[in-house]
Amino acid sequence: MLQRIQTVYLLLVVFLSVGISIVLPYGLSKEGEALLAQDNILVISLLVGAAILAVISILLFKNRKLQFVLGRLNILLNFILLGVFVYWSLTLSGEAIVSEKGIGMLIPVISIVLLVMANKAIKKDENLVKSVDRLR
């Protein structure tokens, strides 16, 4: 059913990945210009991929096992995006493209937390269904 709490968590992931990431910069260039996600094809593709996986996971509410697996895959995708951000912020010098970190670098961290909470709720629903099946 679509009124479960994991749907709210997954909708927040979609909102963060697509809505907020377009507005918030993930860094500042050496000229002081804000670097947005739509300016970099790697970042926008990973964010859109995370949003698409979250929408697919919402629509698969009847298949909780597949929903759980897609949640884990989405967590992995957000870890890859977080790794890209950490790589850019730690290994590149101040004269490179990304010279300062932006608030948009926190989007994968918040998405990972929301996805973990959604997976816990999915697991809780699965355990509830299993316990009801044992009583029959």
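Bear in mind that the values here come from a model prediction, so they are computed numbers and not experimental data.

(A) Region of interest: a positive patch on the surface. Residues Lys65, Arg72, Lys123, Lys130 and Arg134 make up a contiguous surface patch of positive charge. Of all the elements in the fold, those that place two or more residues in the positive patch are helix H3 (64-91) and helix H4 (107-135). Relative to the helices and strands, Arg134 is located in helix H4. Given a relative accessible area of 66%, Arg134 falls into the exposed group.

(B) Region of interest: the packing of aromatic side chains. Scanning all chains against the criterion turns up zero aromatic pairs. Sitting over the face of the ring of Phe68, Lys123 holds its NZ or CZ atom 5.9 Å from the ring centroid.

(C) Here's a closer look at helix H1 (residues 5-23). The terminal C-alpha atoms of H1, which comprises 19 residues, lie 26 Å apart, in line with the 27 Å expected from a rise of 1.5 Å per residue. For H1, the principal kink sits at Leu16 and spans about 35 degrees. All of the buried residues along H1 are Gln6, Thr7, Tyr9, Leu10, Val13, Val14, Leu16, Ser17 and Ser21.

What counts, and at which threshold
- Residues numbered from 1 in each chain as written.
- Predicted model: local features only at pLDDT ≥ 70, side-chain atom pairs only at ≥ 80, totals over all residues.
- Heavy atoms only, no water.
- Patch = residues over 30% accessible without salt bridge, like charges linked within 9 Å, V, L, I, M, F, W, Y side chains within 5 Å.
- Areas by Shrake-Rupley, 256 points an atom, 1.4 Å probe, with all protein chains shown as cover.
- Salt bridge = Lys/Arg side-chain N within 4 Å of Asp/Glu carboxyl O.
- Lys, Arg positive; Asp, Glu negative; His and termini not counted.
- Charge placed at Lys NZ, Arg CZ, Asp CG, Glu CD.
- Helix = DSSP H or I, 4+ residues; strand = E, 2+ residues; numbered from the N terminus.
- Buried < 20%, exposed > 50% of the residue type's maximum accessible area, 1.4 Å probe, protein only.
- Phe/Tyr/Trp six-rings, centres within 6.5 Å; stacked < 30°, edge-to-face > 60°.
- Lys NZ or Arg CZ within 6 Å of the ring centre and 35° of its normal.
- Expected span 1.5 Å × (residues − 1).
- Bend = angle between axes of the 7 residues up to and from the residue.

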